[in-house]
Structure formats: C-alpha cells, structure tokens
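Residues per chain, in single letters:
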Amino acid sequence: MDCIFCKIANHEIDSEKVYEDDEVIAFNDLDPQAPVHVLIIPKEHISSTNELTLENKDIVGKIFMIASKIASDRSLDKGYRIVNNCGEDGGQTVEHLHFHLLGGRNMKWPPG
Ligand code: AMP
Ligand code: ZN
C-alpha cells in the first residue's frame, strides 16, 4: 500500500520522531502551523475516523493520552489543540488516521 504515514510508521522514510511505542508513533509535521505541531498516528493503517470500529477504537484514547504527555513535555501549560481532519470537507490530505497536536500560540475559533 502506498501510504506515506505507514512508511513513516515502518521507518521506511524518515521523520522527526517525538514518541514511539509498539502501536503509536508521533513526529513533527513537515509544514508546522504552530510552534509545536506534532502528528500522532496509529501504526496500524486506519484510513480515517470513519474506519474506526469496536475492535480498533481504543487506539484513539491512547493517542489522546500520548498527546497530553507530549504537551506536558513541551510545557504547553497554557493549553493546546488536538485536531482530526476527516474527509474532503474536513481537509484530510493523508488517508491514514492522524491527530494534530498544536500549541505554543493562541488558537483561533472557529477554524477556517
Ligand atoms: P491532514 O491535512 O489533516 O491530512 O494533515 C496531513 C499533514 O501531514 C499535513 O499537516 C502535512 O504537512 C503533514 N505531512 C505530510 N507528509 C508528511 C511527512 N512526510 N512528514 C511529516 N508531516 C507530513
Ligand atoms: Zn497508512
């Protein structure tokens, strides 16, 4: 399968790794939108939020806990944002489930 995030998860292509365990990898976004912009992904290929099932859903809770830990490590004491883009209208460009951890500046609402 030609999935860039699977290749990052398999170490077939390089990334600026922030965290890794047997199920999850986190790395800096190539095109950062904030001083801290980390992508957190399951190593298992799940195309989007729409492909979550009773069997694979627990990875999302784990990813949120890892996001909180990374935010703490990066001293994002004033807060941060976790974003998941799903599908065309959601702005998803990579079809492998991922969560953006954004911090280090004041976030606007609503997003564009
Ligand atoms: P999304 O638009 O939610 O699908 O987010 C995809 C994100 O992946 C974008 O923020 C890209 O900058 C980022 N991205 C794409 N390729 C890479 C890569 N090889 N390494 C790190 N980030 C990437
Ligand atoms: Zn993939």
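Residues numbered from 1 in each chain as written. Chains lettered and ligands numbered in written order. Predicted model: local features only at pLDDT ≥ 70, side-chain atom pairs only at ≥ 80, totals over all residues. Heavy atoms only, no water.

(A) View of the environment of Val 38. Along the chain, Val 38 turns up in strand β3 (residues 36-42). Val 38 sits in the buried class, given a relative accessible area of 0%. Note: C-alpha distance between Val 38 and Ile 82 (44 residues apart in sequence) is 9.6 Å. (Helix = DSSP H or I, 4+ residues; strand = E, 2+ residues; numbered from the N terminus. Buried < 20%, exposed > 50% of the residue type's maximum accessible area, 1.4 Å probe, protein only.)

(B) Spotlight on the packing of aromatic side chains. As enumerated under the stated definition, the model contains two aromatic pairs in all. Pairing Phe 5 with Phe 27 gives two aromatic rings, centres 5.4 Å apart and planes at 75°, and the pair type is edge-to-face. Taken together, the residues Phe 5 in helix α1 (residues 4-9) and Phe 27 in strand β2 (residues 24-28) connect sequence positions 22 residues apart. Judged on exposure class, the residue Phe 5 and its partner Phe 27 are both buried. Their ring planes at 75° and their centres at 5.5 Å tell us that Phe 64 and Phe 99 sit as a pair that is edge-to-face. With Phe 64 in helix α2 (residues 58-73) and Phe 99 in strand β5 (residues 99-103), the pair connects residues that are 35 residues apart, well separated along the chain. Residue class for Phe 64 comes out partly exposed when judged on its relative accessible area of 38%. (Phe/Tyr/Trp six-rings, centres within 6.5 Å; stacked < 30°, edge-to-face > 60°.)

(C) A look at unusual backbone geometry. Here the amide bond leading from Trp 109 into Pro 110 is cis, since omega sits at 0°, within 30 degrees of zero. Along the chain, Pro 110 falls in the segment after β5. Of note in the backbone geometry, His 11 takes a positive phi value of approximately 60° without being a glycine. On the secondary structure map, His 11 appears in the loop between α1 and β1 (17-20). Even without glycine at this site, Ser 75 takes up a positive phi of about 60°. Structurally, Ser 75 can be placed in the loop between α2 and β4 (80-83).

(D) How the structure looks around the site of ligand 1. Not every one of the 16 residues close to ligand 1 is listed here, only the nearest: Asp 29, Asn 85, Thr 93, His 98 and His 100. Note that an oxygen atom of ligand 1 is positioned 3.0 Å from one of the backbone N or O atoms of Val 94. Between ligand 1 and the protein, one listed contact pairs an oxygen atom with a side-chain N or O atom of His 98 at 2.8 Å. When ligand 1 is considered free in solution it has 510 Å² of accessible area, and contact with the protein chains removes 83% of it. Counting only elements with at least two residues in the shell around ligand 1, the list comes to α1 and β2. When the residues that make up the shell around ligand 1 are grouped by side-chain class, the tally is seven nonpolar, seven polar and two charged. (Near = heavy atom within 4 Å. Polar contact = N/O pair within 3.5 Å; in protein donor to acceptor, adjacent residues only side chain to side chain. Areas by Shrake-Rupley, 256 points an atom, 1.4 Å probe, with all protein chains shown as cover. Nonpolar A, V, L, I, M, F, W, Y, C, P; charged D, E, K, R; others polar.)

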